[in-house]
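# Per-entry structural report
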Amino acid sequence: MKQALRKIDPGYWIAALLPLIGILPTLSSGVIRTADGPLHVQRIYAMSTLLANGNLWPRWVPYFHLGYGYPVFNFYPPGTFYLGGLLGLIGIMAPVALTIVTTLAWIVGSVGMYALARHYLPGKAAILAAMLWAYAPSRLFEVWDQGSLPQIMAAALVPWLLLGMIRLAEEPRLRRILWVALPFTGIVFCHQPITFITALYIAPAMIGLPLWAARQDWPSFWKRFGYMLGGFVLSAGLSAIFLLPVALELQYVEAVESPDDTVPYLISNFLQPDEIFMQPPAMDLTDLRFELFTTLGLVGGLLAVPGLIALVVKRRYALALLLLAALIFTLFMLLEISLPVWLTIPYFKQLRFPERFLRVGVIFLSLAGGASILLLPRRWQTAGLLGVMALVLVTALPMTYPSQDFVYWDDLSAVDEIDMELTYYVWGTTSYNEFNPRWGETIKHDGPPEPEEYTTNPLRLTVYRLDMIRQWPDLEVDEISDDTIRVTVTDARPVRFRQYYFPGWAATLDGEPVEIYPEDEVGMITLDVPAGEHTIHLYYDGTPVQKIATLISLLSLGVVAGILVLTSTSPLFASLTFPSPNWLRSVPVGRGEELPQARRGEVENPLPESLPLQTAALIAFAVVGFALLNQVIITPHTLLFRQQSPPDAPVYMQNRLDVQFGDTFELLGYTLNQDSVAPGETLPVTLFWRALRDFTDEAYRPVVQLVNLRVDEAWAVSEPFSPGGGSTTFGYPLDRFASEVHELVVNADTPPYVGRIFVRMVDQNGEPLKLADGAEGYVLEPLIRVAGDGVSAKHLLDYTLGDSVELWCASVQPAGDQYQVDVYWHVTAPVSQMLHTFVHGLDAAGEIVTQQDTETLNGNYPASAWQTGQTLHEQILLPADDALQEIGLGLYVPDGARLTVLKADMAVADDRIIVPLTAQNCES
């Protein structure tokens, strides 16, 4: 053992140490108030409670969903919560357990990234790759903004899976199957979206890697592929305890159907091209809702280019091509052009957040970025490594400080979960209530009676007393234990439990099995009880699918144990701690050196040199030193790498407004970086709000729309829960402001006009807070152009009006007591002034009997804003008259002068175009 420890590549220890600078600010007895963090604390506590009660693989949490119960662990991967729950069994509180597991994931991922890079690159390049992974913007976003513990852990296991696949393809051996099966099983048990996304990368690799490894020995492909397939088959067996019930029982919960807003929400979350490699700005400590950016990061993107060049220079063509292809695929999936792929793969659109691809894509970016060191001469590589690592850290530091408050629980209990559901509407710790059982016509959102009882008895199963005692006052209920009650009834009747029905529940009546069923209204567990005194025992026994799945996973664990026993030819530490005993060697391979014959041809290049011990010591000293300096001096006593704006002057606000909405909120201003948008695309605008008074029991939400100039039609809308995008406006401090980024997704059928952004603030009843002038909202000044060429119209007429407009088609048809006149203008040159349209109803003598004049396009698109090449459809309603025989129409400027009209270069009388009362099919 001591000899093995002495031979370990020091780069592994450094990779484990690298995240320390980011980890220290997260350490607390509470958890960061991220989007998901507090929810995961509740899940960890629930898992710990169920494990302590003897439930070895919990699926149903009885007190979730306000005491109606929820099958969250049957459908949401329970792996990280299981690990946190085990920590709870040894006395570690759930908030601390979440922090520990987050820290573990950060370290596991950093070491895995180093191990993967080390397979192809020298130690210095591999350390840089690990640094880029550990401090990628997406990693810091996970920790400080999103707080999705399962996603953090799943992403940390992906490098290990890729490494295992590479090693297995190069040298197919039975034990190496585990290096594919175990990491992938861990990913499946942690996070479904990362599992889906990872599958898209590894599916082609399952064939591609064995093909490449067998390029000099083609018959060996089938063996390599067979071992690879075996690894994933074994993983499927290990994961069956979770995967099989998900696949076969998803039909029982709401998640089987996508919410109506799934696709629009997915579209709103695609990244814009300029966001992918942007450098996130320093956080503003005065901003209540400062959002970290989802991006691959500027430094990683810049380093990837010379890294790919270095691989080509070093004749690592296959690796360079593989990384480039993976990065291109990542970029593609982050952008809206990939929407058809999202909609084609079953259930894929329900992932909702394309930025999840950053978690896998950053692996390939880090590998390419780490290789950039290879462009430097060997004698400069240490200095270059230290300099680039410092650059990575400096650009990451603005995202490594607390941007959210910490949440603390003095004595966490099930009551805290119930209170959280009632306050934030996160039923069963989910945002969409997607695991709600599908029995029953309505969903109850009433708090449980006697909620304080859940403090000491979180798993109690109670009779639904409210309606039952009202209907049958003679019903007597006595709770014997958490899952057993005694009831007394004078007549036979049904007894309902405050617990959702779900396959797997079972009951006994006086010790004998009894049938249970869901009642119609809510879907609660119900059983028929005869007259008299009876004892009812209600318990979750599991479904046949769940029991078969558990057996398959246990058998698969037996296979794992068998593989370990059958292949145990070396000490367990040397075999399992690293993917290969060769990795325990620190062997510099000089120019002209060759590996032993047994190793030749197994890998593309000889194993590169490991990280020198002196360099490792220097990096370790720098990391620990700066981590302590940052924690003790920089964070508490300086504003380095951060901003702290005055509460009424946000530093990132570009345009000041100071508009008051009632006596409650002030819109300080906004930031808008674009003045045009195409239909179907996203227009981002950031608003800055400040509370004007204290309020604790009132809820408000902003409504932001892209509207036409007359403010009577909306083309896009954004309505977050509250100003700043939080889940509540309760307790807004007066010395802070809240920024909110609105992603306005423009309707696909929006006309190519100009519009403006309209902002309202409404209360919990939907009533708008009024401005000082009585207006119900505020229109931002900038004009927003909607791109497009307009309608596709037939060119049936040949009229030119002035020197900028042509009339291509006109149609007249009756519409009740009016005529609907449709005209199609085509713009040939910029229009310099405002235009009005006149439509005259003419009698047989050519006299006007009725008319309608209006600003072109009803004032919604001023002619001065028209774009060359557009074809615009205008519709005018003309009052009917019995004497009306034909229509005369044209354009005129504000002073009344008509635009000259030419037909085939010949002047038209009165500059008025005559069209018959004939309907035309104008649009092609």
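For the structure itself, look to the data block above.
Residues numbered from 1 in each chain as written. Predicted model: local features only at pLDDT ≥ 70, side-chain atom pairs only at ≥ 80, totals over all residues. Heavy atoms only, no water.

### Some thoughts on the overall build of the protein
Along the protein, the regular secondary structure elements total 25 helices and 30 strands. Each principal axis of the C-alpha atoms in the protein carries an extent, and together these give about 110 × 95 × 65 Å. Burial analysis of the protein (924 residues in total) assigns 55% to the buried set. For the protein, long-range pairs separated by at least 24 residues make up 74% of all intrachain contacts whose partners lie at least 6 apart in sequence. Taken as a whole, the protein presents about 38700 Å² of accessible surface, with 58% of it coming from carbon and sulfur. Each charge sign in the protein was given a centre, from 55 positive and 94 negative side chains, and these centres are 18 Å apart. (Helix = DSSP H or I, 4+ residues; strand = E, 2+ residues; numbered from the N terminus. Buried < 20%, exposed > 50% of the residue type's maximum accessible area, 1.4 Å probe, protein only. Contact = heavy atoms within 4.5 Å. Areas by Shrake-Rupley, 256 points an atom, 1.4 Å probe, with all protein chains shown as cover. Lys, Arg positive; Asp, Glu negative; His and termini not counted. Charge placed at Lys NZ, Arg CZ, Asp CG, Glu CD.)

### Considering the environment of Leu18
Among the secondary structure elements, Leu18 is positioned in the loop between helix H2 (10–17) and helix H3 (20–23). Leu18 sits 602 residues away from Ala620 along the chain, and the two C-alpha atoms are 8.1 Å apart. When near neighbours in sequence (up to four residues on either side) are disregarded, Leu18 contacts Ser110, Ile127, Ala130, Met131, Tyr135, Met389, Ile619 and Val623.

### Points about the nonpolar core
Counting 199 residues, the largest nonpolar core has Tyr63, Met165, Met228, Phe232 and Phe497 as its most contacted members. If you tally residues by element for this core, the top one is helix H11 (residues 149–170), at 15 residues. For Tyr63, the residues in contact, after removing those within four places along its chain, are Gln42, Tyr45, Ala46, Ala414, Glu417, Ile418, Tyr454, Pro458 and Leu459. (Core = buried A, V, L, I, M, F, W, Y, C linked by side-chain atoms within 4.5 Å.)

### A word on the sheet that holds strand S27 (residues 886–892)
Either a parallel or an antiparallel arrangement is found when strands of a sheet pair, and the pairing is made through backbone hydrogen bonds. Spatial strand order, S25-S24-S27-S30: four strands in an open sheet with antiparallel pairing. Edge positions in the sheet fall to strand S25 (848–855) and strand S30 (913–916), since each of these pairs with one other strand and no more. In this sheet, adjacent strand axes meet at a mean angle of 20 degrees when their direction is disregarded. Two strands pair when backbone bridges link them, and S27 and S30 are joined in this way by four bridges, in the antiparallel orientation. Opposite Gly888, over in S30, you have Ile914 as the bridge partner. (Pairing = 2+ DSSP bridges. Axes fitted to C-alpha atoms, helices over the stretch in contact; angles between N-to-C directions.)

### Details of unusual backbone geometry
Of note, the phi angle at Thr429 is positive, near 65 degrees, even though the residue is not glycine. Take Thr429: its relative accessible area is 1%, and that puts it in the buried class. Residue Val711 is not a glycine yet carries a positive backbone phi of 55 degrees. Inspection of the secondary structure assignment puts Val711 in the loop between strand S15 (700–708) and strand S16 (714–718).

### Here's the deal with the pairing of strand S23 (residues 818–827)
The element S23 is largely enclosed, with a buried count of nine among its ten residues. In terms of strand pairing, strand S22 (residues 805–815) meets S23 through ten bridges, oriented antiparallel. Counted as the bridge partner of Val805 is Val827 from S23. Between S22 and the antiparallel strand that follows it, S23, lie two residues; Gly816 among them carries a positive phi value of about 70 degrees. Two strands pair when backbone bridges link them, and S23 and strand S26 (residues 871–879) are joined in this way by nine bridges, in the antiparallel orientation. Counterpart to His826 in the pairing with S26 is Thr871.

### A few points about the environment of Val901
Its location among the elements puts Val901 in strand S28 (residues 901–903). Exposure remark for Val901: the relative accessible area of 0% places this residue in the buried category. Sequence separation of Val901 and Arg760 is 141 residues, and the distance between their C-alpha atoms is 45 Å. Contacts of Val901, omitting those with residues within four sequence positions, involve Tyr799, Thr800, Leu801, Met906, Ala907, Val908, Asp911, Arg912 and Ile913.

### Some points on the sheet that holds strand S8 (residues 517–518)
Ordered by their spatial adjacency, three strands build an open sheet running S5-S9-S8, and the pairing between neighbours is antiparallel. In the strand order of this sheet, the two ends are held by strand S5 (493–500) and S8, each with one partner. In the sheet, S5 pairs with strand S9 (residues 524–529) via five bridges, with the strands oriented antiparallel. Within S9, the position partnered with Tyr500 by the bridge is Met524.

### Examining H2
Along H2, the positions that sit buried rather than exposed are Pro10, Gly11, Tyr12, Ile14 and Ala15. Looking at the buried residues of H2, the elements they touch are helix H8 (94–118), helix H9 (123–134) and helix H25 (613–637). The opening residue of H2 is Asp9, an N-cap whose side-chain oxygen sits 2.8 Å from the backbone nitrogen of Gly11. (Polar contact = N/O pair within 3.5 Å; in protein donor to acceptor, adjacent residues only side chain to side chain.)

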